[in-house]
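Report on the structure
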Amino acid sequence: MKLIVSNHKMNLTKDEILSYIKEISEIKSSNKLIFCPSYPYLSFFDGKNYFVGSQNVSDQKMGAYTGEVSASQLRSLGIQYAIIGHSERRNILNESFELIHKKVKICLENNIIPILCIGEKKEEINQKEEILTAELKSAFDDIGDDRKNIVIAYEPIWSIGTGLVPTKEEIEETLSWIKKYIKDNYQVDCKTLYGGSVNEENISNLKEIQSIDGYLIGGASLKLNKLKQMIDILEV
Ligand code: PGA
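First things first, this report covers the structure right here in the doc. Small disclaimer: the values here were computed from a predicted structure and weren't measured. (Residues numbered from 1 in each chain as written. Predicted model: local features only at pLDDT ≥ 70, side-chain atom pairs only at ≥ 80, totals over all residues. Heavy atoms only, no water.)

What to know about the layout of surface pockets
Note the threshold: Definitions used for this entry: grid spacing 1 Å over protein atoms alone; cavity, a set of points where a 1.4 Å probe fits but cannot get out; pocket, an open set with protein on both sides within 12 Å along at least 5 of 7 lines; lining residue, one with an atom within 4 Å of a point. Grid points are joined across faces, edges and corners, and a volume is the space filled by probe spheres set on the points. All residues other than Ala, Val, Leu, Ile, Met, Phe, Trp, Tyr, Cys, Pro, Asp, Glu, Lys and Arg, Gly among them, are scored as polar; the first ten of these are nonpolar and the last four charged.
What the largest pocket holds in volume is close to 380 Å³. Of the residues contributing to the lining of the largest pocket, the split by class is four nonpolar, six polar and four charged.

Written as structure tokens, this is what we have:
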């Protein structure tokens, strides 16, 4: 079973999200669908035939943190997944390795599965392994047995929203390298997703990648006809 994670980012108005929800309630898939809308919409999703995730979480437990949302609040809404360390948060909002580590930890403490995003910038392609190592190590070090639940989304930053996608061979190489790194250093088997310009045209090609456990899809998942096409392609 593959994970199909839809990252809405900061898109869709209330009316748009309500009609989106109506349509996804009809979708049947043998894969695991996870929708990550903006915070205000989370409780509109009933999660009957899919799962619901947040796009972020506070690193703090509760209290005087204006504008933040805690893992326990998300859990109380039935949220089961959270995207952590997306490159947009790392780069635009300057989220540090330390902060991301705390967010991973607090999710696990609240039974929320962190979808940890890692990836290199275009100019870092030659140091990809160093970059990914630093991101993985800072997130995984000092996490207890629950580390087996962390899902890793490899998203080359140069591929997000650009239409540029690494070759199948490159993705296979990176995902299998991640699995091996985690197994060797943390003794667990992790799930690895690919994200970055996944769409209805390239998904049948990406599907052939052996180490791929799922997809993190931004832009193309906002359009329901495209999302449905991708779900259908992954079904066969
Ligand atoms: P994209 O975004 O599919 O629009 O490239 C993916 C992501 O940022 O998670």
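Remarks on the packing of helix H5 (residues 128-140) against helix H6 (residues 168-186)
Cut-off, in case you're wondering: Angles here are taken between N-to-C directions and fall from 0 to 180 degrees, while the axes themselves are lines fitted to C-alpha atoms, restricted in helices to the stretch in contact. Only DSSP runs of H or I covering at least 4 residues are called helices, and only runs of E covering at least 2 are called strands; the numbering of each starts at the N terminus. Any angle that falls under 35 degrees is termed roughly parallel, while one over 145 is termed roughly antiparallel, one within 65 to 115 roughly perpendicular, and all others oblique. We call a crossing left-handed when the near helix sits turned anticlockwise from the far one by less than a right angle, and right-handed when that turn is clockwise. The contact rule is simple, with two residues in contact once any of their heavy atoms fall within 4.5 Å.
Between H5 and H6, the shortest axis-to-axis distance is 11 Å and the interhelical angle comes to 45°. With respect to H6, the axis of H5 lies oblique. Read as a crossing pair, H5 and H6 show a hand that is right-handed. Across the interface between the two elements, Lys 128, Glu 129, Leu 132, Thr 133, Leu 136, Lys 137 and Phe 140 of H5 pack against Thr 174, Trp 177, Ile 178, Tyr 181, Ile 182 and Tyr 186 of H6. For the contact of H5 with H6, the class distribution of residues is eight nonpolar, two polar and three charged.

Concerning the sheet that holds strand S4 (residues 81-84)
Rules: Should DSSP find at least two bridges between two strands, the strands are taken to pair.
What the eight strands build is a closed barrel, ordered S1-S2-S3-S4-S5-S6-S7-S8; its pairing is parallel. Across the sheet, the mean angle separating the axes of adjacent strands is 25° when strand polarity is ignored. Where strand S7 (residues 191-195) and strand S8 (residues 214-217) come together, three bridges link them in parallel fashion. From the neighbouring strand, Tyr 194 faces S8, where its bridge partner is Tyr 215. The strands touched by H5 within the sheet are strand S5 (113-118) and strand S6 (151-154), with S5 carrying the most contacts at an inclination of about 155°. Strands in contact with H6 are S5, S6 and S7; relative to S7, the strand with the most contacts, it is inclined by about 150°.

Focus: the nonpolar core
Applied cut-off: In plain words, nonpolar cores are sets of buried Ala, Val, Leu, Ile, Met, Phe, Trp, Tyr and Cys residues tied together by side-chain atoms within 4.5 Å. Three labels apply to residues, based on accessible area from a 1.4 Å probe with only protein chains included: buried if under 20% of the type maximum, exposed if over 50%, partly exposed otherwise in between.
Counting residues in hydrophobic clusters, the biggest one holds 59 residues, and the most contacted among them are Phe 45, Val 104, Leu 116, Leu 136, Phe 140, Ile 178 and Ile 182. Element by element, the count of residues in this core is highest for H6, at seven residues. The residues contacting Leu 136, other than those within four sequence positions of it, are Leu 116, Ile 118, Ile 152, Trp 177, Ile 178, Tyr 181, Ile 182 and Tyr 186. Residues Cys 36, Ile 83, Ile 115 and Ala 153 belong to the second largest nonpolar core, which totals twelve residues.

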